[in-house]
Every structure is written in structure tokens, then in C-alpha cells.
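Summary of structural features
Spelled out from the first residue to the last, the chains are:
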Amino acid sequence: IMLLTDPEIESSLLISSDEGATYQKYRLNFYIQSLLFHPKQEDWILAYSQDQKLYSSAEFGRRWQLLQEGVVPNRFYWSVMRSNREPDLVHLEARTVDGHSQYLTCRMHNCTESNRNKPFPGYIDPDSLIVQDDYVFVQLTSGGRPHYYVSYRRNAFAQMKLPKYALPKDMHVISTDENQVFAAVQEWNQNDTYNLYISDTRGVYFTLALENVQSSRGPEGNIMIDLYEVAGIKGMFLANKKIDNQVKTFITYNKGRDWRLLQAPDTDLRGDPVHCLLPYCSLHLHLKVSDNPYTSGNIASRDTAPSIIVASGNIGSELSENDISMFVSSDAGNTWRQIFEEEHSVLYLDQGGVLVAMKHTSLPIRHLWLSFDEGRSWSKYSFTSIPLFVDGVLGEPGEETLIMTVFGHFSHRSEWQLVKVDYKSIFDRRCAEEDYRPWQLHSQGEACIMGAKRIYKKRKSEKKCMQGKYAGAMASEPCVCTEADFDCDYGYERHSNGQCLPAFWFNPSSLSKDCSLGQSYLNSTGYRKVVSNNCTDGVREQYTAKPQQCPGKAPRGLRIITSDGKLTAEQGHNVTLMVQLEEGDLQRTLIQVDFGDGIAVSYVNLSSTEDGIKHVYQNVGIFRVTVQVDNSLGSDSAVLYLHVTCPLEHVHLSLPFVTTKNKEVNATAVLWPSQVGTLTYVWWHGNNTEPLITLEGSKSFKFTSEGMNTITVQVSAGSAILQDTKTIAVYEEFQSLRLSFSPNLDDYNPDIPEWRRDISRVIKRALIEATGVSSQHILVAVLPGLPTAAELFVLPYQDATGENKRSSEDLEQISELMIHKLNQNSIHFELKPGIRVLVHAAHLTAAPLVDLTPSHSGSAMLMLLSVVFVGLAVFVIYKFKRKIPGLNVYAQMQNEKEQELISPVSHNENRPNITQAELRSPDQFVDEKLDPQPIGTSLCRLQSL
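Residues numbered from 1 in each chain as written. Predicted model: local features only at pLDDT ≥ 70, side-chain atom pairs only at ≥ 80, totals over all residues. Heavy atoms only, no water.

As annotated in an unreviewed UniProt entry, the protein chain carries the name Sortilin related VPS10 domain containing receptor 1 and comes from Sarcophilus harrisii. Recorded under Sequence similarities (unreviewed entry), the UniProt text for the protein chain is reproduced unchanged: "Belongs to the VPS10-related sortilin family. SORCS subfamily." Under the UniProt heading Subcellular location (unreviewed entry), the note attached to the protein chain is "Membrane". (UniProt positions renumbered as here; feature names shortened; annotations may be inferred.)

1. Quick look at the sheet that holds strand β1 (residues 2-4)
Sheet architecture is open: 3 strands sit in the order β1-β2-β3, paired in antiparallel fashion. Each having just a single partner strand, β1 and β3 (24-27) make up the two edges of the open sheet. Geometrically, the sheet is characterised by an average inter-axis angle of 25 degrees between neighbouring strands, direction not taken into account. Here β1 runs beside strand β2 (residues 12-15); their pairing, made up of 3 bridges, is antiparallel. By the bridge assignment, M2 is partnered in β2 with I15. (Pairing = 2+ DSSP bridges. Helix = DSSP H or I, 4+ residues; strand = E, 2+ residues; numbered from the N terminus. Axes fitted to C-alpha atoms, helices over the stretch in contact; angles between N-to-C directions.)

2. A word on the side chain of S325
Here S325 is to be found in strand β27 (residues 325-329). The exposure class of S325 is buried, given its relative accessible area of 9%. In terms of polar contacts, S325 uses its side chain to reach the side chain of Q338, at 3.1 Å. Beyond its immediate stretch of four places on either side in the chain, S325 contacts A311, S312, G313, Q338, F340 and E341. (Buried < 20%, exposed > 50% of the residue type's maximum accessible area, 1.4 Å probe, protein only. Polar contact = N/O pair within 3.5 Å; in protein donor to acceptor, adjacent residues only side chain to side chain. Contact = heavy atoms within 4.5 Å.)

3. Details of the pairing of strand β55 (residues 664-672)
Two faces make up the sheet, and in a regular strand the side chains alternate between them. Here β55 shows one buried face, formed by V665, A667, A669 and L671, and one open face, formed by E664, N666, T668, V670 and W672. For strand β53 (residues 650-654) and β55, the ladder comprises 5 bridges, and the chain directions are antiparallel. Residue pairing across strands places V651 opposite L671, the latter belonging to β55. Here β55 pairs with strand β58 (residues 698-702) via 5 bridges, running antiparallel. Counted as the bridge partner of A667 is K699 from β58.

Below, the structure is given as C-alpha cells:
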């Protein structure tokens, strides 16, 4: 016995090995949310914790070890196969760090990272792993459609094949009994109904069994399909089908090959005749099964009582929630009897030899009902002297049990009461052979069910003895095969005349497309025998698929795809290309593949392409992959345009810090790495709700009003989207100055954006303290690269009222004040204790800061006029130097000397430029390393001409 403590108090297990006489406490370092016991090894347990970790114990909870973190709730399973192979294997669905789900397996005693396997390549849809008997199911959505994959007996996964235009939205595995999958599929045009499909042995090819089965949502939001598998009789199901907005109950005895309505009882509970004529009127049953073991559902059957079915329902034209009564069948659904006019919970004791019924009511009760003749008559018994509010009923486990326990309370304030009822005293002896009679399973008189006649042993209704162990069927005899033992094969549909003919979308010859010349394949007759059907001879040979030699065909319908179905690949990584043919034989066929990057390969047989053709692209771009196949009967070709990309790691928006109004500004997205393949750029400007989408990484913007504006660029590279946002100040006029620093600052410059932003704030604070200028007039931006440099902007500031706006003269005064303080070394800051950094003007002349408005300052105009005069002088000298021989020689000598003087300055990138004034465009103020050409150097070069 294992008890779990209240997790709000402590996390412990109390374990007893002597039927509860003594308990030993074992403390846990995790909180248990659910437990999964091994179906055969009683000491093996899986525990799921509240923090999504999975633990295992091989000692009935006394010691635990961690198997896996990030496990999806309720998606972990023991490996239970009919072959009993690998009983300690655990199947689980786990989430990766980036939120994807993957299917993992490992052994409970050795579940390290190196010992975990991934049976399904790639990721799967969240919450989609199902492991049931010999089958494993996963789901993968691509192109907006879910695709379902199955592994039979742990072999490679294959895609499940439904009819071509089923286009499923949802799928639930109903049953995997007897090497066959029963699945409920919601198709594209269904909302509250599902279609039932049944598979071949491998679970790959599915055919329709029943359309429009009713579904509903359970209390926890889970989908509940109105389908019930009758226990004890293989192939027998009950289903509620929706027909013209009416829900009717149907029954099948051959796994959905044939369905019929239920015949209503001939008389009601009082013995009055019931007038109910098929198909207009029939019996309809509620088929919901309770997940709570302490309460019964609407229907019940047992393996040890194969002929008895008890259910609630109604008689009429459709299933109703009103006038619900209880019905019983003691001949496996052929005939029914009404046993109660109200809903009751019914328990099976002694293999159905005793049926116990307890009324469903919110009032306290003290009586229950017993039947010893399969529900034909009932006796009333008292089980408590005080009326009890019944919360649940539980039968003791075991084949010979005659004990049941009633859970309840005497009042709403009292504690739970457990009443144990033992019926052994009712029987005075065990049943003997003469107390039984033979009973043959049948369907409306047809004795051949699933290809066999089965005879069971049933206790005579008048005998009141204890049955003991269940013996099963007395005898089973195979039947001769008839057309009723065969269903339509995949791709075929049953017509009104009973024949199975190809569906409009199915080409029967496609079954041989994977067939190689010289081999054989099974050529379908349009029929396949129902799995687990045991019939022999008869039409078996006529309807069974025949081996046929593979025909030689010219290649047709050639396709080349990537193994994951995507049109993208990553630079430097393997991409697997799959070659597929609709018709033709890849064996003995020449396959030529040109990858589009200058590399081509050839193959001469299928073995080279079974696992795909692998290739690594060293460059990014769009590559035209071509494949051609040739055999003696013809050829075919196909093309794939493959986008090879490199993962985009970083996006930086390069933008001026300040610009003038009504002037175009160029914004550029700088990428790392620079070559990543095909990209889409999405630009957001200010408060615009509609973005601009381009294929180019640059975009021009114009600002018509002053103020601060934001520009955001989003770069889409495959499934990744990165973005950067920058702010730009827009004014009618402003002034700027390049700043330099004492060399010790370079030693602490990591050249990253965060450091530049922090140092910009420090410099701005130092300028404000030294000059007393308002912070609204100053913008400082440290530029990338070494040596460390910065740009100082002097801005006009306008208060909220729109008044007190600085004029250009005011800006010039502030600029002169800044230069004065900088030239006096009055501006400095402390980078860290003992590290003092001086801020200088990059231009030591007292020339005013450059005004970037259309009206130029006088000093700037004077410099421009000087350039013009020098240019004219050069022109005159050039025109007349041939007429003055001495001048030509002197010019050459002077040119060589000046080049020697200029060269160290113009080519030394590490030496800061601090000697010339600089004339710059607003578009040059970008967050990148700048290499301006100073005016002084340009003049020297003009003179040298």
C-alpha cells in the first residue's frame, strides 16, 4: 500500500508491505502530481512532478532517480508490447529550451543524455505522442495541416494514409486491439462529429468504418467520442451516429464492416407492449464511460461476462436526455429488456452472476437491488440502517469477488463512511457442470461472427450458485469465408450493389510505384479481410491480394524535396534531398543531381538514395537544384529552388543622430553576419500604423516637423525576426562639433553600443557642469571604433508653450562657450578611481561650429572662397606650365616634397585628426566608424597639382 502525504504540508510517501499494519515514511525532494505504475512489474513506478520532471523508481517508491526534465503532462508511457520486449523502456514527450516538443525513449535504469534516443526525426506537435500496445503515434503540422505518423512494433515511422480528401483537423486513437487501429477523425467539414476509420495491421492505410459519430466535450475540455467497445467480444462496438440532426445508436459485430440499429424491447417494465418499428424507432443508448473508478458511467460490460451489457437510454426516433431508463442485454446486444425507469449504477459481481444496482439520486438511500438471472428479476436489500448519501461504489478486484464497498456520508457535515458488503452468505454452494448451459454468440441469428462460431458457457437462470473462475468460450469453429468477411481496401469505396470500386482520387496502379523491376508486389482486388477475422476457404482466394510482377515503366511524376519538406537550408549544414517518382523504377535508373553550386552527382541505383542525398552548401543564396532520371523506357526531370541561409544573429539600425527638417535621411540595417540569404525588411516610422516592406536594407525618410522621431526596422530571415529601433532628432538648424579624448580612454573602450551610450551620458553631464548650459541643448553621441571619438550637437530648444526658442545667434554663443571650455581643458570626467579623461575639441582653431542649415556662417564661406581661388591658381599654372620649363621642374620637385609631408597624416588611421575644421553632411552622422577627409588635407592635394 502506498499513501501520498498532503503536498501543502510535506512531500513524502508512506509505504506498507504488510497490508497496512505498519508504514514507513520516505521523504521526497519533489512534489508528485501523478503516478504511472508498470502494468507487469509491480515495483516499477513513474512519477511526474509539479515542475514537469519525470522520475522513476524500481523499488516501489523507496528510492527515485530523475529521468527527464520538461516532460509534457500525461505524455509518458511504459513500453508494453505483446512480445514483452524492452519492458524497462520509457517513452516520453519532452519540451526543448526553445519550446519545441520531441519524442524521446530511454531505459529507466540508464536515462543519461547519451543513452536517450529520438525515434522520430525532428520535432513533433505539442501534446501529440501516444504509445499504445505495438503502436506509437505522433503528429506534425506543416502547411497548416496536421500529418499523422505511426510506428508499428517500434519500426520506422510511416505517414498514416487516410482517403485523399479527408483532410483531418483532429484525430483520436480509439483502439489498438488485435493488431489494428480504430481511429476517430474529424474532417475539414465537420464540427461536432467524427468519422471512424479502421487500419491495416501496420496502422498505415485506413478505410472508412462509420461516418458522423457524435462527439462532446468532457468536464475538463477533453473530446469524448460516442463510441463504446463491448468488453469480452472482439470486434463489437456501439456508436451514436448523427443523421439529419438526430443521434441514433448503431451496433457492429465485425469491427465496423456492417452497422445496424438496436431493436427496442418488446415490452416495458410493467409488461405492456412497446410499439417501435425499425428504422423509424429503435433503442438509443448513452455511451459515456466514467473516468472515476468510484462511479459508473452510462454503459458497462465485462470481459468475464461477455453477453451482458447494461446501459441507460431511451426508446424513440433519436437519443434523448429526457425519459432515461436502464436497459440490459444478456445476448450481446441482440435483444434488450428494460430494468429500471430511472438511472442506476450497476456493478458486476461473480462474473455477471450477480448484478448490483444502486439508484442515482442526490437523496440518502439505504437499499440496493440484486439480480441473479442477468437482470430478469431484481430483489431489494438493505445495506445500512441509517440512510447514506452515496458518493461512489467500488467492486473488489479479482475474478471470484463477491465484495463491494460503498463510499458516502450520513450528512453533509459528517466524514466519509465506508460500508463493505459481502454477498458470499447468499450462496450455499459452488456451481457444478449441470448448472450451466451452452450459449452461442450471434448477430440477429447469424452465428458466424468475425469468421468463427463461438459457443460460451452460461449459468442457468434458475440456478443460484457461485460461479468462480471464468472459463471463456467453450468452443470456437472457423466459418467459410464470404463477402461479409471482407472490407474495402484502401482507395476503394463500397457502392450500392455491395462492390468495392476505386475512388475517383485513387489510381490502383500507384501501388506498384515503389516496386522494382524483377520484384513482385501485392496487387489489391479492392478487398481486404477484416483483421482478426478467422474465416477459411470460400471466397478467400478470390478476394485476397495477388502477388504480381513489377512492370517496367518510364519515369513519370518526378519530384525532389527536402527531407523535412522545407525550401530552406542552413549554410554549412547537411541538407537531405529526397528523389520521388510517381511511376517508374529507381532501380537500374541513372539519377543525375545538380546542386546549383557547381557540384553535381550521379547515382545508378536506389540504394544510394534510400536515405536521401546529402549535400552541404558553403555559400548563402538561392540555388537551382535539378534532378534528371533516365532508364531504357524514358526520362523525367524536376527542379527545386532552395534558399540557403545563415542564421541572423544581430541587427543594427544605422541612422543619423540629428538631421534638418525636410531633408532626406538614409536609414540602413546593418546585419551580422552580413550574408544571411533572402531577407524581408519591415520599416516602422513614427506613429504610422502601416509598415513599409522592402527587400533592400536601406530606406530614405523625410521629416517635415521638428522633434524626436523613431524608426524601427524588423528583418525577417526564415522563421527568425530581429529588430532594432533608433531615435533621430529633427531641427531647422543645429550645430555640431567632433570631440576627442585623452588616449587613456581607448584602453577601456570595448566598442559595444551599451558602453557608448553610458559614456555619452557621462560626457553630457560633464559639459553641463562646466558650461551651465541646459541639458535640452546638448546631445552627445560616442562613435564606434578607435580612437574614441564623439559628436557634440548643440540643439535649439523650445519649451512647451512654443516660446523661448533659441535663435541661430544663441546657438553660436553656446557653441563658442563649448569650444572655449574645451580648449581650456575644463571638461573632464572620472572613468574609474584614478582614471581621469580629458575632453577636447577635435579642431583646435577658434572657428565656430559648422551650421548645417542653408545659411552658412561667414567663416565657412571664407574657406570655400579660398578653395575656389586656389583652384583657379592651379588651373592657370597647369595651362602655362609647359611654356615655362623651369616652373614644370619646380612643380614636380615641390609635388614630391609635399607628398612626403602629407603621407604620414593622410594614411595613419590611428592618429586623431585635431588640426582642421570639418565640414560634414547630416547623413554622415551615423553609428559607424567614420573616416572624414579634412579640408586642410584637401587643400594640400590641390596645391600639389
